[in-house]
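Results of the structural survey
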Amino acid sequence: MTSALPLPPPPPVAPRPRRRRGLVAVLIAVPLIATVAGGAIWFATNSGRPTPPAAGTVAFVEPLRVPELAPSRVEDGVRVFELEAQTGASALAPQGETPTLGYNGAHLGPTLVAERGERVRVDVSNGLADETTVHWHGMHLPAAMDGGPHTTIAAGESWQPEWTIDQPAASLWYHPHLHGRTREQVDAGLAGMFVVRDDEESALALPRTYGVDDVPLIVQDRSFNVDGSFAGGLGLQFDGVLGDTILVNGTITPYFEATTERVRLRLLNGSSARMYDFTFADGRDFDLIATDGGLLPSPVSSSSVPLSPGERAEIVVAVTPGESVVLRSEAPDPALHAGGAAFDVMELRAAASLTPSPEVPDRLADVPPPDASGAVVERTFVMSGHEINDREMAMDRVDFTATVDTSEVWTVRNENPLPHSFHVHDTQFRVLSVDGAAPPAHLAGFKDTIALEWNREYRLLVRFDDYADPTTPYMYHCHLLWHEDQGMMGQFLVVEPGQAPDLKRPEGDTDDRHDH
Ligand code: C2O
Ligand code: CU
Ligand code: CU
């Protein structure tokens, strides 16, 4: 097994000159080399990290872009969406047009909305000059519809995943999952939100007018070259690509004009590596109402909510007429070793007169306490370097097989004093404990992705319902996308009791993959 790490403690954060927007990001990484279990990790000191301008220095001049709602039609009882992955150019930064990728447009993708109980199909076409996949992050669905690295769509080809929405109302998202190249395609702009609604959530007095008082915020950090193109250089960052410019829904220096007394923000950390700790500049409290997999039992009055790449949170914030308040990120919890200092994300500007909003209800959803008594298997996942349990992802290796309609208890540990996270496909898990203690509120609901503090033990209750398939695997991985690409991922099959695994389509087999 993995031995203790001979890593030095992370270096202190050096004071840094203020960087003006528009300057080319120059990556001056000071690499250190550490040997871990025979391998080597390169990582940078904090002073080499691209960092957004310090909090309080940004002028918010661009109206927030709000992704369009994806149109759909109902065909034989199936709600059908169309998504085309496209290349394009986007006016994002003052430097010039940025070559980007998007769905149904030049950058990012529309928001899909579907109801629990609906049968949905997405007609995905690949208009890129390159292969891709589309993964429905957070969705409970058959493995063959999950859009993992085995379900590639060649350039010019299409794919029609179809499934029944069967999970609570939640803010999910979609993005490519090409083995080894997820970061590249997500950072180029392939990402969008998928909002699931249900009767329980719809019956609550919560803001839900899309783009008015219910607003998706896809938060990403990128850097730009002098010609306006995204600077994608990995440099020698341990965690992958960090940017010096924050984009929300593809908008730099965004402001949102609130016209209601309360606004629901669906926060998605769509960044490939950066961790955030969302807060308001004046420290005001807001209501945390939902995490990755849906509503919390009751709103949790909070002044900050941390999100690692891939995680979501829904918050409801109250504003008063005529005021402005900045949504910012504080430095992430030092225990995550994600570095950085506070920076601005977006400004909320309240109109001079606001439409009244109801109070956030005291009760939101039935979220029973997790009960691990029926769990049939225990597994341990040790995250170290770019490996899980001392192994890198192999497309032709199944790491384990789970039985459908059973629960398991997973113990997950990050052995590096460096940022990692843990994401599981198909399921929304529950955090049983963190170092033996009950999880904090933001980890107490349904989750599909969690940040891992160094050397803490996370015990998860993971359930695999409904869908067995001995041939197509689901993935679990670090959601720092460069780590995932480097192989910090594994795959599992969910099978019927006694069914033998029969993994299809090993690495390199690029044919015969659009037939389901
Ligand atoms: Cu957001 Cu395996 O994915
Ligand atoms: Cu996922
Ligand atoms: Cu990682």
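Here, the structure is the one placed above.
Below is a summary of the structure that appears in this document. This structure is a prediction, so every number in the text was calculated from the model and none was measured.

Some remarks on the sheet that holds strand β16 (residues 251–252)
Across the sheet, which stays open at both edges, the 7 strands sit in the order β16-β15-β14-β18-β23-β20-β21 with mixed pairing between neighbours. For this open sheet the edge positions go to β16 and β21 (294–302), each flanked by a neighbour on one side alone. Summarising the sheet, strand β18 (residues 262–269) and strand β23 (residues 312–318) pair through 7 bridges and their orientation is antiparallel. Each residue of the ladder has a partner; that of R266, found in β23, is E314.

Some thoughts on the coordination of the copper ion (ligand 3)
With distances of 1.9 to 2.2 Å, the protein atoms coordinating the copper ion (ligand 3) are H420 (ND1), C478 (SG) and H483 (ND1). Sequence spacing of the donor residues for the copper ion (ligand 3), all on one chain, is H-x57-C-x4-H. With H420 in strand β30 (residues 420–424) and C478 in the loop between β34 (469–477) and α3 (481–486), this pair connects stretches of sequence that are 58 residues apart. Neither residue differs from the other here; H420 and C478 are each classed as buried.

Describing the pairing of strand β4 (residues 72–75)
Taken together, the 4 bridges between β4 and strand β5 (residues 78–93) define a ladder with antiparallel strand orientation. Residue pairing across strands places R73 opposite V80, the latter belonging to β5. Where β4 hands over to β5, the hairpin turn is made up of 2 residues, of which D76 adopts a positive phi near 50°.

Observations concerning the pattern of salt bridges
Under the definition given, this model contains 36 salt bridges. Across the pair E201 and R264 runs a salt bridge whose closest N-O atoms are separated by 2.9 Å. One end of the pair, E201, is in helix α2 (residues 199–202); the other, R264, is in strand β18, and 63 residues separate them in sequence. Both residues of the pair, E201 and R264, belong to the buried class. Across the pair K447 and E311 runs a salt bridge, and its minimum N-O distance is 2.6 Å. With K447 in the loop between β31 (430–434) and β32 (449–452) and E311 in the loop between β22 (304–307) and β23, this residue pair connects regions lying 136 residues apart in the sequence. You'll find K447 and E311 in the same group, each marked buried.

A look at the sheet that holds strand β29 (residues 406–414)
Strand order in the open sheet formed by 5 strands is β27-β26-β29-β33-β31, with mixed pairing between adjacent strands. The sheet is open, and its two borders are formed by β27 (387–388) and β31, each paired with just one other strand.

Some words on the coordination of the copper ion (ligand 2)
Of the protein atoms, only H135 (NE2) and H423 (NE2) coordinate the copper ion (ligand 2), at distances of 1.9 Å. Taken together, the residues H135 in strand β9 (residues 135–137) and H423 in strand β30 connect sequence positions 288 residues apart.

Looking at the packing of aromatic side chains
Throughout the structure, instances matching the rule amount to 25 aromatic pairs. For the ring pair F400 and F492, a centre distance of 5.1 Å and an interplane angle of 0° mean the geometry is stacked. Separated by 92 residues along the polypeptide, F400 in strand β28 (residues 400–403) and F492 in strand β35 (residues 489–495) bring together distant segments of the chain. Summarising the burial analysis for this pair, F400 and F492 share the class buried. Summarising the aromatic geometry, the rings of Y476 and F492 are spaced 6.2 Å apart at their centres and angled 40° between planes, so their arrangement reads as tilted. Of this pair, Y476 sits in strand β34 while F492 sits in strand β35, placing them 16 residues apart in sequence. Accessibility assignment for this pair places Y476 and F492 in one class, buried. Feature note: the residues F381, F400, W410, F422, F464, Y474, Y476 and F492 constitute an aromatic cluster, connected by ring pairs. In this arrangement the basic side chain of R222 is found over the ring face of F230, its NZ or CZ atom lying 4.5 Å from the centre.

Remarks on unusual backbone geometry
In this structure, H337 is a non-glycine residue whose phi angle is positive, near 55°. Note that H337 resides in the loop between β24 (324–329) and β25 (343–355). The class for H337 is buried, based on a relative accessible area of 17%. With phi around 60°, N455 is a residue other than glycine that occupies positive phi space. The topology assignment puts N455 in the loop between β32 and β33 (457–464).

Section: the environment of R119
Position of R119 relative to the elements: it lies in strand β8 (residues 119–126). Apart from the residues within four sequence positions on either side, R119 is in contact with G77, V78, R79, E162, W163 and T164. Side chain to side chain, R119 and T164 meet in a polar contact 2.9 Å long.

Definitions and limits used
- Residues numbered from 1 in each chain as written.
- Chains lettered and ligands numbered in written order.
- Predicted model: local features only at pLDDT ≥ 70, side-chain atom pairs only at ≥ 80, totals over all residues.
- Heavy atoms only, no water.
- Pairing = 2+ DSSP bridges.
- Helix = DSSP H or I, 4+ residues; strand = E, 2+ residues; numbered from the N terminus.
- Donors = N, O, S within 2.8 Å, 3.2 Å for Na, K, Ca; no water.
- Buried < 20%, exposed > 50% of the residue type's maximum accessible area, 1.4 Å probe, protein only.
- Salt bridge = Lys/Arg side-chain N within 4 Å of Asp/Glu carboxyl O.
- Phe/Tyr/Trp six-rings, centres within 6.5 Å; stacked < 30°, edge-to-face > 60°.
- Lys NZ or Arg CZ within 6 Å of the ring centre and 35° of its normal.
- Contact = heavy atoms within 4.5 Å.
- Polar contact = N/O pair within 3.5 Å; in protein donor to acceptor, adjacent residues only side chain to side chain.

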